[in-house]
Amino acid sequence: MAITLSGDQSIPAPPLTSRLTTAQVWGIVLLAPYLLVFLAFVVYPVGYGLWLARAPSNYVALYNDPIFARAAVNTLIFLVIGINIKMVIALFLSGFFAQQRTWIKWLSVIFILPWAVPSIPTILSVRFMLNPEWGVINHLIFSFTGDDGPNWLNDPTVALSMAIGVHIWKSLPFWTLILITGRLAIAQDLFEAAEVDGANWWQKFRFITWPSMQTLYITCTLLSMIWTLGDFNSVYLLTGGGPADLTHVLSTLGIRYLRLDQLSLAMASIVCAMPFVLPLVYFMMKRLSR
Amino acid sequence: MKLPGVSEFSWRDVATEARLLLIGIPVFLWTMIPIYHMFLFAISPKEDAFSGKLWPDHPTLHNFEIVFKQQHYFLRDFYVQFWNSVVIAAAVGALTLVIATAAAFSISRLKVPGGRMVLNLALFTYFIPAAFLAVPMYRTMGNYGLLNNRWSLILAMVTIASPYAIWVLKQASDKLPVELDEAAVMDGATTLQIFRLVYLPLMMPSLVAIGTYAVLLAWNEYLYAFLLLSNDQDITLPVALGNFLAADDSPWELLMTTGFIYALPPAAVYYAFRRYMVGGLTAGAVKS
């Protein structure tokens, strides 16, 4: 056994295994698979992507690309208009589905379908319904009015509205479900007391439902913003970004650059969204990890 | 006050019911029209499908026959692609469950040092918009030499499913009383025995919910599948459906039939496990 004499040499730490309990060693072993996945498929890609996007020339190129400006505006429209419409409807429908009726229970079972089934066949189904020549919508318009209906996906404003509609169709059930959970958590005697006092439905909503659900509603709206930013399908499968690349949002634009083999531009377009995304992420993490 | 079993006719109730129907009917139509339209195409001969009728003159199962017998060049690899979807979804479900359960047990029950930080890192991934992560991940899979290999899609989907899975499972584990673990230790159980004999059985409902969630996520995924796989023999069915669109004269009735077939398993899985999913997943999604 060697005895260390020099004063600056500290006493060697005991071997790792004796400092950690067996349970902790198992803890590390069991946590390792996720850490590996996280390092290999989140940390490395994100770091590598940021490194690729580092040159300022990328941002100049983006700034000069009119499609980028259009996509940024479209993304804002999608978030501000689309999400608020969706969440207000979800809040309203959560009240409807919270009613105790057998037929409403059955309807709620059907209502979940858009969320449970894959996007691709249903969004393509909508795309065909909107087809100006063969789509069922224009057939109906023709049979009632005798006029040809509009070319739905040929006008960028209309096409973007339709994409927002598809997004709402797909994600409304999930948010309604969450808000129903929130509604059912409100104590019923509050409503009964309000009823005795002769409150109408608006007063009950204004003074009982909304105060109890406000925080949940805001959290859902923020989380929905983050997820909507990642929604590629609604726009890509309905319009493909067209006509003339005027309905792109940041998520489809990033993939478009990627397909054109312009990875640094793809990353740069995403980096541009970060000042907007990171505060949302920070807020959500604070809320969830309380 | 209404007595149970005594039904009183009242105009007030009728008015309430009518108001509810006024919401219920549009909700039903809004939900079902795209799905019904898909079904309508699947049972219509081509002429009827394109004529804008709300019910075909001659409903037929012929489209299903074409798909199942692969009688169109778009459908050459139907079974292979369907099987790819099955294998990938099953692998994602299994791998996510293993990784997330181990991590949740480690963080929640073993209180591993740094566990809290790992959970926060996982949550951070959960909040990266999926299409944004796809861009660098595509290139990374290329660097790893995994492009066009089904492992690339499996690992990508596990990366996306795990954070939420760990989060929900950790929430559920925290609710299990710590005395259970202590009692098992007193009886001389090792950590692994606690995991296998005490923890896993109690966590079963949450595990079912998370497994279903991961399988549905992988089954329904389009973007990552479309980026990471490209050979006709390797792609999943949604990618094949997307490729239909590239042709000028797409056989829409077959596209819709295949899509309808593809949409049935997730709907069935969802309804089979609905009871677990609604409780297990919504509780973790947003803590109110």
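Above this text you will find the structure in question.
What counts as what
- Residues numbered from 1 in each chain as written.
- Chains lettered and ligands numbered in written order.
- Predicted model: local features only at pLDDT ≥ 70, side-chain atom pairs only at ≥ 80, totals over all residues.
- Heavy atoms only, no water.
- Buried < 20%, exposed > 50% of the residue type's maximum accessible area, 1.4 Å probe, protein only.
- Helix = DSSP H or I, 4+ residues; strand = E, 2+ residues; numbered from the N terminus.
- Phe/Tyr/Trp six-rings, centres within 6.5 Å; stacked < 30°, edge-to-face > 60°.
- Salt bridge = Lys/Arg side-chain N within 4 Å of Asp/Glu carboxyl O.
- Contact = heavy atoms within 4.5 Å.
- Buried area = accessible area lost by both parts, 1.4 Å probe.
- Polar contact = N/O pair within 3.5 Å; in protein donor to acceptor, adjacent residues only side chain to side chain.
- Nonpolar A, V, L, I, M, F, W, Y, C, P; charged D, E, K, R; others polar.

Trainee: Please set out helix α13 (residues 250-259) of chain A residue by residue, giving values where relevant.
Mentor: Residue and element names in this part refer to chain A. The buried fraction of α13 is high, at eight of ten residues. Regarding α13, the residues found buried are Leu250, Ser251, Thr252, Leu253, Gly254, Ile255, Tyr257 and Leu258. Trailing α13 by a residue or two, Asp261 shows a phi angle of about 65°, which is positive.

Trainee: I'd like a rundown of the packing of aromatic side chains, residues and numbers included.
Mentor: Residue and element names in this part refer to chain A. Scanning the model with the defined rule gives 40 aromatic pairs over all chains in all. Taking the centre distance of 6.1 Å and the plane angle of 35° together, the rings of Tyr34 and Phe38 count as tilted. In this pair, Tyr34 and Phe38 both sit in helix α2 (residues 22-52), four residues apart, roughly one turn of the helix. Overall, Tyr34 belongs to the buried group, its relative accessible area being 2%.

Trainee: So, the pattern of salt bridges: which residues are in play, and what are the values?
Mentor: All names here are of chain A. Evaluated as defined, the whole model comprises eight salt bridges over all chains. Asp245 is the partner of Arg256 in a salt bridge, and the nearest nitrogen-oxygen pair spans 3.6 Å. Placement of Arg256 in helix α13 and of Asp245 in the loop between α12 (233-238) and α13 is noted, with a sequence separation of eleven residues between them. Here Arg256 falls in the partly exposed class, since its relative accessible area comes to 22%. Note on Asp245: relative accessible area 24%, which makes it partly exposed.

Trainee: Go over the interface of chain B and chain A, please, and point to the residues and values.
Mentor: Residue-level contacts link 93 residues of chain B with 93 residues of chain A. Summing the contributions of chain B and of chain A, the shared interface buries around 8500 Å²; its carbon and sulfur component is 80%. For the chain B face of the interface with chain A, the top three residues by lost area are Phe127, Phe132 and Val135 of chain B, together amounting to 9%. Linking chain B with chain A are one salt bridge. In this structure, Glu17 of chain B engages Arg101 of chain A in a salt bridge whose closest nitrogen and oxygen atoms are separated by 2.7 Å. Taken together, the links from chain B to chain A amount to eleven residue pairs in polar contact (both at pLDDT 80 or more). Element by element, the count of residues in the side of chain B that touches chain A is highest for helix α1 (residues 11-42) of chain B, at 17 residues. Split into classes, the residues belonging to the side of chain B that touches chain A amount to 68 nonpolar, 20 polar and five charged.

Trainee: A description of the side chain of Ser106 of chain B should follow, citing residues and the corresponding values.
Mentor: Looking at the element boundaries, Ser106 of chain B is found in helix α4 (residues 78-109). If sequence neighbours within four positions are ignored, Ser106 of chain B has contacts with Gly27, Ile28, Leu30 and Leu31 of chain A together with Lys111 and Val112 of chain B.

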